[in-house]
Amino acid sequence: MQTVEDTKPCFPLFNEPDYRELIKNKRETFEETVSKEKIAETFAWTTTQEYQDLNFKREALTINPAKVCQPLGGALCGMGFEKTMVYIHGSQGCVAYFRTYFNRHFKEPIAFIADSMTEDAAVFGGQKNVHEGLQNATKLYDAKMIAVCTTCIAEVIGDDLGAFIGNARKEGHVEKDFPIPYANTPSFVGSHITGWDNMFEGIVSYFTQATMDGKVVGSNKKINIVPGFETYLGNYRVIKRMLKEMDVDFTYLCDPEEVLDTPANGEYQMYAGGTTIDEVKDAPNAITTLMLQPTSLEKSKKFIESTWNHEVPKLNIPMGVEWTDEFLMKVSEVTGKPIPESLLKERGRLVDMMTDSHAWLHGKKMALFGDPDFLLGLTKVMLELGIEPTHIVCNNSNKRWEKAMKKLLESSPYGVHAKLYPGCDLWHMRSLCFTDKPDFIVGSTYGKTIQRDTLYKGPEFEVPLIRLGFPIFDRHHLHRMTTLGYEGGMYLVTTLTNAVLERLDEKTKFMNDTDYNFDIVR
Amino acid sequence: MTELTREAAQALIEEVLEVYPEKAKKDRAKHLMVNDKTIEQSKKCITSNRKSVPGVMTQRGCAYAGSKGVVWGPIKDIIDISHGPVGCGAYSRGGRRNYYAGTSGVDAFCDINFTSDFQEKDIVFGGDKKLAKLIDELEGLFPLSKGISVQSECPVGLIGDDIEAVSKKKAAEIGKTIIPVRCEGFRGVSQSLGHHIANDAVRDWIISNRDDQAFESTPYDVAILGDYNIGGDAWASRILLEEMGLRVVAQWSGDGTLAEMENTPKVKLNLLHCYRSMNYIARHMEEKYAIPWLEYNFFGPSKIAESLRDIASHFDDTIKEGAERVIAKYTPAMNAIIAKYKPRLQGKKVMLYVGGLRPRHTIGAYEDLGMEVIGAGYEFAHNDDYDRTMKEMKDATLIYDDVTGYEFEEFVRKLKPDLIGSGIKEKYAFHKMGVPFRQLHSWDYSGPYHGFDGFAVFARDMDMTVNNPCWGMLKAPWLKEETSADDLKAA
């Protein structure tokens, strides 16, 4: 029973004897569960190679995917433009889910609206919803732009979004010149990263495709930066800072950094920051466009190359030392601005951190999962530190990713043992963590059930999770960190090293038993 | 904030509606009301369970969320397939914190997301073949599951897949219950229809499975319906029922099992906590098996005591004495909690906007702590919910159905509550505004809130939020002077 001095929430309340008894009685009397022995035996079987083989034979079933659907990515993209309301043409339930998902990751308000298609719209099409929805949305939300993407329902019934928006203008539901770019983002194609790519292409083509007259590559002397589906706020900031330190004029094409980080000061700001429409219109005049997530932005890249006539340079995601070097050198090359002393010093500091920490990381085996370009960058960082990636699971990969990943792994002796699992999910990863135990698993919050499951086999089998990627629901404020650039490298080295040290403490903290390496100095 | 008069409250509603275009304004006006306790039937003054206005920020979910996310998801020994594209299953994974006891991946499956991850070809050629194959794969990898439910996402209904036929065929093959659930997200106007559809599937595929089987009954057999064990709620409820001498044969669906559900028609009384999500199946069992059902409320000691006595009144003196014994046992602890927290919370105004039952059920718990609920509303209620709510609310308080983000924020700006209890989608906007906020869908990662043990946590949580020092730091000190001058002007 609770006492006022010691009120217990779920944990440890349900560990109290009376609740343990209650749960045990329920189980034994009413649940008709199988015997403890059978459960133990079955669990043990799920940790075997035999189970893994069966698991990898799956063709139809996905278990614990490490990806979500297109419109979520489209919505994040829409948020990156000034005073832009994200509008989802389709079911309202999806939008509730997108908002919740981002709420949980960013711990921020997320303003998206739906036009709430239901059964009648499924039969008659969603044009009425678009017309009414745009009318209400423009009245209510004081937006400068409404960015529309779709959900399954609109896609399956084949709604013609372009025509609907055109008709809305014609019929006066929305002003003729109010900007409404859109993208088709069917959830049964690709993943959230595809959705980001589609929405980005939708927005930039809306503002530039028909108005290329008079545009001259290089005339505004800026460079464009396209981030892709990026959830680390620090990554927006670090790229801007580095470019400022280089004295490079730039346009950040899609910049949700501020709207995802407004202050608590008594006012709720629905919009903050973001790329302006004028900046988008001016973007074709830039010297070039750098894409920070090269394998995930194919559609946008095609558009930019063919319409803006930009030669989009081949670049890797600027993670770790060498790929950040490469990024800065490319910026320097295209702008003619030298890389300043400050960045050189920062680079040196990162390398210094690596020299200080490498001994704890060298030879550590880590399994990884996440989005394709992030995994490339993370792998690169690991290889630079002498970490050995073992199993690399990418649920939403493509051929380009596989090729790039293979090339990267072959470039380092630390990568030779790594195996790629394109299109695989976290239940595959669970098997791999049992049959070929890595020292750590690196990925989103979803990896925590794998840690729990491996621990259940016994403490010596536990694979601890290091949280890097998206989504991270169960730790606070990690989304504010930085993974790109030298600064990001510092965060990664810190995170990885201290995870190793914490684990070592966990294992060696037992007095007069394991505490031989329980050291004050590390 | 002084008490709002009826006129002032009505004027506030009208002011807030001003910004809408005519059609939307007319529609939204029907969903907002000032409470009048003399009116018996809410349908005279509020409209509910209607389509949300397109293009406004509704907080509502969909039928799939109601079925898979709420009702089916917490049944632990059944595998739920999110049948369709990849998103829905991921978004509904683990968010509700419906706890269970079991070995995940072996005999319990609540925290695993199973999906058919539809690709374009599945849309073009249909997903039935994939579903059949997937069920075989599930059977191979999870032999101890008791059954499978197929939770259909939007495309499944639109492309005309016959999940019923596949389920029937595969069920015969594997010898387990397979339940097709037509909970496509576009059905109905909110998650509410999903609850109904889920209940119908329980009725059609589970409830009568043991009609011919013997069962060792006792006169004290009851079932808990509509408790999802969020943060362990159902355990904190069950312990009281068992202590008073009842035998809880089944609890739904939090920490629930197929066997418990199948045995439910054998009980003497169904106890219904979330009326909205499970009144359908309670009514069905009443009709078919003549099992009476009783609504109860386990939030806050006043309502808990009232409910325990109500429940006991359906049984003999043993149970009646049992109820009194339980109430007596916990009363000192509850009094101590109230003695500690009431002085800190007395007179604080609360606004609620949640789903299911909480906008009315938690009112008593707030009142036990000396707090006052000045506004309440539901995401997906029907008018029978508002009938019940109007009785719990004071006169001239605000009631809002399917409130839009904009309306809710405006109401809060004007009424300046000391605490808001609502969902995660609303949480952070109010944090920016500096209004103390508790998430009342999943207890803000705390709980349980049901039962006497839960009330202790509830009281602690409300206090920690209302009285945390962080809310006092929103204005920088060098801006404070300016602000107070502005405030004076405004006043």
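For clarity, every value in this text was computed on a predicted model and none was experimentally measured.

### Quick word on the interface of chain B and chain A
Here is step 1: At the junction of the two partners, chain B supplies 115 residues and chain A supplies 98 residues.
Here is step 2: Summing both partners gives a buried area of about 9100 Å² for chain B against chain A, and 62% of it is carried by carbon and sulfur.
Here is step 3: For the chain B face of the interface with chain A, the top three residues by lost area are M57(B), Y91(B) and K432(B), together amounting to 10%.
Here is step 4: Taken together, the connections running from chain B to chain A amount to 12 salt bridges.
Here is step 5: Here chain B is connected to chain A by 41 residue pairs in polar contact (both at pLDDT 80 or more).
Here is step 6: Broken down by class, the residue content of the side of chain B that touches chain A amounts to 56 nonpolar, 28 polar and 31 charged.
Here is step 7: Bridging between strand 1 (residues 62-63) of chain A and strand 3 (residues 114-115) of chain B involves two bridges; their strand directions are antiparallel. When the bridges of strand 3 of chain B are listed, I63(A) appears paired with F114(B).

### What to know about the sheet that holds strand 8 (residues 288-291) of chain A
All names here are of chain A.
Here is step 1: In spatial order, the strands read 7-6-8; together these three strands make up an open sheet with parallel pairing. Lying at the two open borders of the sheet, with one neighbouring strand each, are strand 7 (250-252) and strand 8. Between one strand axis and the next, the sheet turns through 20° on average, direction left out of account.
Here is step 2: Taken together, the three bridges between strand 6 (residues 223-226) and strand 7 define a ladder with parallel strand orientation. Across the sheet, residue N224 finds its bridge partner in strand 7, namely T251.
Here is step 3: Running at roughly 175° to strand 7, helix 12 (residues 233-245) makes contact with strand 6 and strand 7 of the sheet.

### Description of the pairing of strand 9 (residues 365-369) of chain A
All names here are of chain A.
Here is step 1: Where burial is concerned, most of strand 9 is hidden: four out of the five residues are buried.
Here is step 2: Summarising the sheet, strand 9 and strand 10 (residues 388-394) pair through four bridges and their orientation is parallel. Considered in strand 10, the bridge of M366 is made with P389.
Here is step 3: Taken together, strand 9, helix 17 (residues 372-385) and strand 10 form a β-α-β motif whose crossover is right-handed.
Here is step 4: Sheet topology note: the strand 9/strand 12 (residues 440-443) ladder contains three bridges and is parallel. Paired with M366 across the bridge in strand 12 is F440.

### Some points on the pairing of strand 4 (residues 147-152) of chain B
Residue and element names in this part refer to chain B.
Here is step 1: With six of six residues buried, strand 4 lies mostly within the body of the structure.
Here is step 2: Across the two faces of strand 4 the burial is the same, with G147, S149 and Q151 and I148, V150 and S152 all buried.
Here is step 3: Sheet topology note: the strand 2 (residues 78-83)/strand 4 ladder contains six bridges and is parallel. What sits directly across from H83, in strand 4, is S152.
Here is step 4: Where strand 4 meets strand 5 (residues 177-181), five bridges bridge the pair, whose relative direction is parallel. When the bridges of strand 5 are listed, G147 appears paired with T177.

### A word on unusual backbone geometry
Here is step 1: Along the chain, F11(A) connects to P12(A) via a cis peptide bond; the corresponding omega equals 15°.
Here is step 2: Take P12(A): it is sitting in helix 1 (residues 10-13).
Here is step 3: Of note, the bond from G447(B) into P448(B) is cis; its omega dihedral lies within 30 degrees of zero at 0°.
Here is step 4: You can see P448(B) is positioned in the loop between strand 14 (437-439) and helix 20 (451-466).
Here is step 5: Located in the positive-phi region is K107(A), a residue other than glycine, with phi close to 55°.
Here is step 6: The phi dihedral of D402(B) falls on the positive side, at around 50°, and the residue is not glycine.
Here is step 7: Summarising the element assignment, D402(B) is placed in the loop between strand 12 (398-401) and helix 18 (405-415).

So, how was this worked out
Residues numbered from 1 in each chain as written. Chains lettered and ligands numbered in written order. Predicted model: local features only at pLDDT ≥ 70, side-chain atom pairs only at ≥ 80, totals over all residues. Heavy atoms only, no water. Contact = heavy atoms within 4.5 Å. Buried area = accessible area lost by both parts, 1.4 Å probe. Salt bridge = Lys/Arg side-chain N within 4 Å of Asp/Glu carboxyl O. Polar contact = N/O pair within 3.5 Å; in protein donor to acceptor, adjacent residues only side chain to side chain. Nonpolar A, V, L, I, M, F, W, Y, C, P; charged D, E, K, R; others polar. Pairing = 2+ DSSP bridges. Helix = DSSP H or I, 4+ residues; strand = E, 2+ residues; numbered from the N terminus. Axes fitted to C-alpha atoms, helices over the stretch in contact; angles between N-to-C directions. Buried < 20%, exposed > 50% of the residue type's maximum accessible area, 1.4 Å probe, protein only. Right-handed = clockwise from strand over helix to strand, strands pointing away.

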